[in-house]
Amino acid sequence: MTFGSFEYIMELVATAFYAISGVRLAAAKKFDWFGAYVIGFITAFGGGTVRDVLLGVDAFWMDDVNYVIATVIGLAIVIIFRKWLVRIEGTFYIFDAFGLGLFVDVGIYKTLMMGHPMWMAIMMGTVTGAMGGVLRDIFINEVPLVFRKEVYATACIMGGIVYWAVGLIDPHPIVPQMCCAVFVVVLRFLAVKYNWSFPALHYSYSGEDDETKKDKS
Amino acid sequence: MTFGSFEYIMELVATAFYAISGVRLAAAKKFDWFGAYVIGFITAFGGGTVRDVLLGVDAFWMDDVNYVIATVIGLAIVIIFRKWLVRIEGTFYIFDAFGLGLFVDVGIYKTLMMGHPMWMAIMMGTVTGAMGGVLRDIFINEVPLVFRKEVYATACIMGGIVYWAVGLIDPHPIVPQMCCAVFVVVLRFLAVKYNWSFPALHYSYSGEDDETKKDKS
Amino acid sequence: MTFGSFEYIMELVATAFYAISGVRLAAAKKFDWFGAYVIGFITAFGGGTVRDVLLGVDAFWMDDVNYVIATVIGLAIVIIFRKWLVRIEGTFYIFDAFGLGLFVDVGIYKTLMMGHPMWMAIMMGTVTGAMGGVLRDIFINEVPLVFRKEVYATACIMGGIVYWAVGLIDPHPIVPQMCCAVFVVVLRFLAVKYNWSFPALHYSYSGEDDETKKDKS
């Protein structure tokens, strides 16, 4: 399932960071602490679970209580270090970026190991990294941030392309993994720092569907 | 799939009650009757389906038309007994509580039968009981009630702990099942009666993500 | 997976149309172009993917890059022919109807081929045709249109009944498929033209759940 004990520990750390991100956003929406925990759980496990369901294997956290413990630690950190977390809010994306880089790596590697082509591995790496945040936003009833935010899911895709390109040169999995993770982290840092984002599509749409909606509501 | 004909009939009854709950909420949002039926369907089948997808087995209602008939009966009851249902609204949670207790039992038992550890069974019992309502609220575009409501998903978890504790003493599955279901039902009754709920987390969050959202929208 | 090269090509065309529908709605909500693409992707693949997960098989687009290319073409069409698409908006439902008829066919046929009963095939045909639009609306944080719109999911179900009835007379799959697809397309045309819709359920609901919500928020 995981590819070595170092990566396993890193994945647990990334799980805790994703859980913290979910708990914080849910708490800001006045969820009770249990609801906030569930949102943290979904943020941390959502991406990898969707990937594993699509790949037709057991979800990565099944039968391994350590992942659940990682999310509980995430909840505990929010409760205990609340004030400190609010203070470092502007730099929180740093932790998130490390989690993202690692989750993309895990998703790509796992999909390739199962014999799927590279384009599917890149897609699954993106799902692993970004879907948790998307599900989090759906559950707290927000438009998923990732679709309107600084380069985020695209960072996953570009990281996947780096993985593929480096893999052409050096077939040992550790080298493309390192390059991919570093690339994703650096790209996210730059994107947040310089507020990079894609242009909106500016499609002014006022057709059949919207009219219907107005009629009915 | 089910563990005896009594439980099978009870599960069908719980399915009908969950369907009624979904149809009522959707109808209150001015869905047409077909849309309301679909929401009832999702409420009744959502929890068990997510559980079965995660466990890697066919969804429990597949190839068994009785479950679908149970949801149709639920729809028919809302249409025919509309006025009576509005009158008993304050006591409707009683039916819901019985459905919840039974679904938690089914989820725990089925997960244990497949050889998973107890903590996963408790998690799957909670998913079985609570996820249908969560999906219902997502489909009607509300913040899931279960995250802000009187002790609900936590009732499932506590019921699961009762199941485990009683199972240590009496290994025959029927005894922990009875205790778990009764515990969940009683806890829900008390929670609604005395309006028990968890405190909110009070995390005032105004960081990176929200700012981004304001900039873009 | 698909049943012949003609149907395969038609399915790719339907995929592109669904993707266009998703991209247009997302762009109207000011998503950046990547976010809009993801929504197009979900609209095109959502229904078939949910069906395949429930059937316990690999999602139809896995390992077949042509489907992904079809969605990219959909995105390109929106970007390039934006003005033309806005002009034909009133008639866009025509393309959508053809996609719907075909997706229902594919869903029914595939489910029957796997040995499931007819009622499940009709349900899976409906999921294939309608779930993509439902997921699209959930991801852009709208109440799913399909539940309040002119006969849409019901068109899928009625088409499925036509498939079944014709299949009783002529067991060769191509005849019921043709009849089902034509029926769905014609029904959708008439429903949009004459603004057919189901009556709402008019269930004035002001019970436990809503009160709780008011208290907490």
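Residues numbered from 1 in each chain as written. Chains lettered and ligands numbered in written order. Predicted model: local features only at pLDDT ≥ 70, side-chain atom pairs only at ≥ 80, totals over all residues. Heavy atoms only, no water.

## Side note on the overall build of chain A
Reasoning step 1: Helix and strand counts for chain A come out as nine helices and zero strands.
Reasoning step 2: Reading chain A from its N terminus to its C terminus gives the helix and strand order α-α-α-α-α-α-α-α-α.
Reasoning step 3: Evaluated residue by residue, chain A yields a buried proportion of 62% over its 217 residues.
Reasoning step 4: A fraction of 69% describes how many contacts in chain A between residues 6 or more apart in sequence connect residues 24 or more apart.
Reasoning step 5: Surface accessibility of chain A: about 8500 Å² in total, with carbon and sulfur atoms responsible for 70%. (Helix = DSSP H or I, 4+ residues; strand = E, 2+ residues; numbered from the N terminus. Buried < 20%, exposed > 50% of the residue type's maximum accessible area, 1.4 Å probe, protein only. Contact = heavy atoms within 4.5 Å. Areas by Shrake-Rupley, 256 points an atom, 1.4 Å probe, with all protein chains shown as cover.)

## Quick look at the nonpolar core
Reasoning step 1: Trp61 of chain A, Trp61 of chain B together with Trp61 of chain C are the most contacted members of the largest nonpolar core, which totals 190 residues.
Reasoning step 2: When near neighbours in sequence (up to four residues on either side) are disregarded, Trp61 of chain B contacts Phe45, Thr49 and Tyr67 of chain B together with Leu54, Trp119, Met123 and Met124 of chain C. (Core = buried A, V, L, I, M, F, W, Y, C linked by side-chain atoms within 4.5 Å.)

## Quick look at the environment of Pro144 of chain C
Reasoning step 1: In this structure, Pro144 of chain C sits in the loop between α6 (118–139) and α7 (153–169).
Reasoning step 2: Residues contacting Pro144 of chain C, with those up to four places away along its chain left out, are Phe139 of chain B together with Val134, Asp137 and Ile138 of chain C.

## Some remarks on the confidence of the model for chain A
All names here are of chain A.
Reasoning step 1: Residues of chain A with pLDDT of at least 70 account for 89%, and the chain-wide mean is 83.
Reasoning step 2: Taken element by element, chain A is modelled with least confidence in helix α9 (residues 208–216), mean pLDDT 40, and with most confidence in helix α6 (residues 118–139), mean pLDDT 92.
Reasoning step 3: Low confidence marks residues 206–217, where pLDDT is under 50. Its contacts with residues over four positions away, or in another chain, come to 22 contacts. (pLDDT = per-residue confidence, 0-100.)

## Points about helix α1 (residues 5–28) of chain A
Reasoning step 1: Helix length check: α1 of chain A (24 residues) gives 35 Å between terminal C-alpha atoms against 34 Å at 1.5 Å per residue, within 8%.
Reasoning step 2: Looking one or two residues beyond α1 of chain A, the residue adopting positive phi is Lys30 of chain A, at roughly 65°. (Expected span 1.5 Å × (residues − 1).)

## Comments concerning the pattern of salt bridges
Reasoning step 1: Here the structure, examined in full by the defined rule, presents twelve salt bridges over all chains.
Reasoning step 2: Ionic pairing is found between Asp137 of chain B and Arg136 of chain B, a salt bridge with its closest N-O pair at 3.1 Å. For the pair Asp137 of chain B and Arg136 of chain B, a shared accessibility class is recorded, and that class is buried.
Reasoning step 3: The network of salt bridges with shared partners includes Arg51, Asp52 and Lys110 of chain A. (Salt bridge = Lys/Arg side-chain N within 4 Å of Asp/Glu carboxyl O.)

## So, the state of the cysteines
Residue and element names in this part refer to chain A.
Reasoning step 1: Here the structure, examined in full by the defined rule, presents zero disulfides over all chains.
Reasoning step 2: For Cys156, which is in no disulfide, the shortest distance to another cysteine sulfur is to Cys180 and amounts to 8.6 Å.
Reasoning step 3: Given a relative accessible area of 0%, Cys156 falls into the buried group. (Disulfide = S-S within 2.5 Å.)

## Side note on the packing of helix α2 (residues 33–55) of chain B against helix α3 (residues 65–80) of chain B
All names here are of chain B.
Reasoning step 1: Interhelical geometry of α2 versus α3 gives an angle of 130° and a closest axis separation of 10 Å. Overall, the two elements α2 and α3 adopt an arrangement that is oblique. Handedness of the α2/α3 crossing: right-handed. In contact with Trp33, Tyr37, Phe41, Ala44 and Phe45 of α2, α3 contributes Tyr67, Val68, Thr71, Val72 and Leu75. (Axes fitted to C-alpha atoms, helices over the stretch in contact; angles between N-to-C directions. Parallel < 35°, antiparallel > 145°, perpendicular 65-115°, else oblique. Left-handed = near helix turned anticlockwise from the far one by under 90°.)

## Quick look at the packing of aromatic side chains
Reasoning step 1: In the structure shown here, the tally under the stated rule is 30 aromatic pairs over all chains.
Reasoning step 2: Between Phe60 of chain A and Tyr67 of chain A, the aromatic rings sit 5.1 Å apart at their centres with planes inclined by 90°, giving edge-to-face as the arrangement.
Reasoning step 3: By relative accessible area, Tyr67 of chain A is classed as buried at 2%.
Reasoning step 4: Note on Phe41 of chain B and Phe45 of chain B: the rings are 4.4 Å apart at their centroids and 70° apart in plane angle, and the pair reads as edge-to-face. A residue pair is termed a helical-turn pair when its members lie 3 or 4 positions apart in one helix, as Phe41 of chain B and Phe45 of chain B do in helix α2 at four residues. (Phe/Tyr/Trp six-rings, centres within 6.5 Å; stacked < 30°, edge-to-face > 60°.)

## Observations concerning the environment of Leu190 of chain A
Residue and element names in this part refer to chain A.
Reasoning step 1: By the secondary structure assignment, Leu190 is in helix α8 (residues 174–193).
Reasoning step 2: The exposure class of Leu190 is partly exposed, given its relative accessible area of 31%.
Reasoning step 3: For the pair Leu190 and Val151, spaced 39 residues apart in sequence, the C-alpha to C-alpha distance is 9.5 Å.
Reasoning step 4: If we ignore the near neighbours within four places in the chain, the residues touching Leu190 are Asn195 and Trp196.

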